[in-house]
Amino acid sequence: VPRPGVQRLLLNTLPAPIVRDIASGSTQVAHRYDEVTVLQADMVGFTKLSSERSADFVLGLLSDLFAKFDGLAEGYGVHKVKTIGDAYIVCCGAFGEARGNPADAARRVGAMALGMIGEVQAIKEERKVDIDIRVGVHTGTAIGGIIGTVRFHFDIWGRAVAGALRLEELGAAGRVHVSDATANHLWHTFALSPAPGNGDGMGTAAEGVFPAHMGIHRTYYVEERKDLLPASQMHLLGGLHLDDEALEGHVPKKPFPGIELGTYRDGSSVDVSSSGSSGVGGAPGWMRSRGSLMSTGNGPRDSE
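One structure accompanies this document, and this report is about it. Every value quoted in this text rests on a predicted model; they were computed, and no experiment measured them.

1. Re the overall build of the protein
Helix and strand counts for the protein stand at eight helices and 11 strands. Per-residue burial over the protein gives 48% buried out of 304 residues. Counted over contacts in the protein with a minimum sequence separation of 6, partners at least 24 positions apart contribute 70%.

Have a look at this one:
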């Protein structure tokens, strides 16, 4: 069993379940995850900035920004996988509260993604730098495990990772670009708009843009949150459901082609009637969670 100091160090490097496996003597370092949500973010304009400003300035800026991202990840219960240069990668649904709940995992990542956009805009204005960020998010299968024997770390591969990377590459600066697989879990909590795609106005991906194995057919931009919950209350989203009386006599309508409506994969339902609703596709203006009503109307957005 690792000594307490060593265990704390491992917990800063590896997911807690992996540390427990190591402590118990397990030799299995590879795991398959059926449905996780992965976010890949990449800074825009950072290479140019690096050539124009001092090393201390650039390193300090990136360190401060990634510290903000780390805080968002911790607040929303999202696992930070790694950083590569000025790229930042997280996943959710493999560990923690959202494990086994793909809808909850996607909502957490969606909220974090918008928080990242906000942090970049704030530091851009504060320090007068010309930078931005592109964010791609995909939900799918992944394999995770420990890599190497020296300076080892936990890494992930698979559809979710490859799709998030491709969505980031094709996305616009300052936007969160998500797949239809992720949008299935987000549309009632976030306002979505179809990405340009092939120009049909429905977010349909142009032929050949996404390899078939990624399972991405349409893509969307996340515009804003509707739930207005701060990070400290994100655990409430895991049990979202609407009052059964509000569902009587209402027929679900699709906000965009390719998005599954009616009952979510986590068992929750949605009122998509025109009355008392706001946002894309008649998404609900209120939600019930753990017995208490929470406003999700058009009031002021809370800061992340």
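2. Description of helix H5 (residues 102-127)
Since the α-helix advances by 3.6 residues per turn, residues separated by three or four positions end up pointing in the same direction. Across its 26 residues, H5 extends 37 Å between first and last C-alpha, which sits within 8% of the 38 Å expected from 1.5 Å per residue. Burial analysis of H5 places 19 of its 26 residues in the buried class, the great majority of the element. Phi turns positive one or two residues past the end of H5, at Lys-128, with a value near 55 degrees.

3. Considering the packing of helix H4 (residues 55-76) against H5
Running from amino to carboxyl end, H4 crosses H5 at an angle of 155 degrees, the nearest separation of the two axes being 10 Å. If you check the angle between H4 and H5, you find them roughly antiparallel. In this structure, H4 crosses over H5, and the sense of that crossing is right-handed. Residues Gly-60, Leu-61, Asp-64, Leu-65, Lys-68, Phe-69, Leu-72, Ala-73 and Tyr-76 of H4 touch H5, and the partners they reach there are Arg-108, Ala-111, Met-112, Gly-115, Met-116, Glu-119, Val-120, Ile-123 and Arg-127. Residue classes in the contact of H4 with H5 are distributed as 11 nonpolar, two polar and five charged.

4. Some points on the pairing of strand S8 (residues 219-225)
Here S8 lies mainly inside the structure; five of its seven residues are buried. Relative to S8, strand S6 (residues 176-179) is paired through four bridges, and the arrangement is antiparallel. Residue pairing across strands places His-177 opposite Tyr-221, the latter belonging to S8. Sheet analysis places strand S7 (residues 190-194) next to S8, joined by five bridges and oriented antiparallel.

5. Regarding the packing of aromatic side chains
Summed over all chains, the structure comprises four aromatic pairs. Both rings, one in Phe-66 and one in Tyr-88, keep their centres 5.2 Å apart while their planes meet at 65 degrees; by these two values the pair is edge-to-face. With Phe-66 in helix H4 and Tyr-88 in strand S3 (residues 87-92), the pair connects residues that are 22 residues apart, well separated along the chain. Pair check on accessibility: Phe-66 and Tyr-88 agree, each one buried. Here Phe-69 and Tyr-88 contribute two aromatic rings whose centre-to-centre distance is 5.3 Å and whose plane-to-plane angle is 80 degrees, an arrangement assigned as edge-to-face.

6. What to know about unusual backbone geometry
Within the chain, Lys-128 stands out as a residue other than glycine whose phi angle is a positive 55 degrees. Structurally, the position occupied by Lys-128 is in the loop between H5 and strand S4 (132-147).

7. Quick notes on the pattern of salt bridges
Scanning the model with the defined rule gives 11 salt bridges in all. Of the charged contacts in the structure, one is a salt bridge between Arg-134 and Asp-42, with a shortest N-O distance of 3.7 Å. Residue Arg-134 is found in strand S4, and its partner Asp-42 is found in strand S1 (residues 30-44); the two are separated by 92 residues along the sequence. Since its relative accessible area comes to 17%, Asp-42 is described here as buried. Between Arg-166 and Glu-169 there is a salt bridge, and its shortest N-O distance comes to 3.3 Å. Within this pair, Arg-166 and its partner Glu-169 are both found in helix H6 (residues 159-170), separated by three residues, close to a single helical turn. Owing to a relative accessible area of 27%, Arg-166 belongs among the partly exposed residues under this scheme. Residue classification places Glu-169 among the partly exposed positions, given a relative accessible area of 41%. Connected through salt bridges with shared partners, the residues Asp-42, Arg-134 and Glu-168 form a single ionic network.

8. Observations regarding the environment of Thr-83
In this fold, Thr-83 is placed in strand S2 (residues 79-84). Thr-83 sits 17 residues away from Phe-66 along the chain, and the two C-alpha atoms are 8.9 Å apart. Once you skip the residues sitting within four places of it in the chain, Thr-83 turns out to touch Phe-66 and Tyr-88.

9. Looking at the side chain of Asp-86
On the secondary structure map, Asp-86 appears in the loop between S2 and S3. Arg-134 provides the closest opposite charge to the buried, salt-bridge-free Asp-86, at an N-O distance of 8.1 Å.

10. Observations regarding the nonpolar core
Formed by 44 residues in total, the largest nonpolar core has its most connected members in Leu-39, Met-112, Met-116, Ile-133, Val-135 and Val-176. Leaving out residues up to four positions away in the same chain, Val-176 has contacts with Ala-113, Leu-114, Ile-117, Val-135, Val-137, Tyr-220, Tyr-221 and Val-222. Of all hydrophobic cores here, the second largest spans 18 residues; its members include Tyr-33, Val-36, Ala-94 and Ala-160.

Rules and cut-offs
Residues numbered from 1 in each chain as written. Predicted model: local features only at pLDDT ≥ 70, side-chain atom pairs only at ≥ 80, totals over all residues. Heavy atoms only, no water. Helix = DSSP H or I, 4+ residues; strand = E, 2+ residues; numbered from the N terminus. Buried < 20%, exposed > 50% of the residue type's maximum accessible area, 1.4 Å probe, protein only. Contact = heavy atoms within 4.5 Å. Expected span 1.5 Å × (residues − 1). Axes fitted to C-alpha atoms, helices over the stretch in contact; angles between N-to-C directions. Parallel < 35°, antiparallel > 145°, perpendicular 65-115°, else oblique. Left-handed = near helix turned anticlockwise from the far one by under 90°. Nonpolar A, V, L, I, M, F, W, Y, C, P; charged D, E, K, R; others polar. Pairing = 2+ DSSP bridges. Phe/Tyr/Trp six-rings, centres within 6.5 Å; stacked < 30°, edge-to-face > 60°. Salt bridge = Lys/Arg side-chain N within 4 Å of Asp/Glu carboxyl O. Lys, Arg positive; Asp, Glu negative; His and termini not counted. Core = buried A, V, L, I, M, F, W, Y, C linked by side-chain atoms within 4.5 Å.

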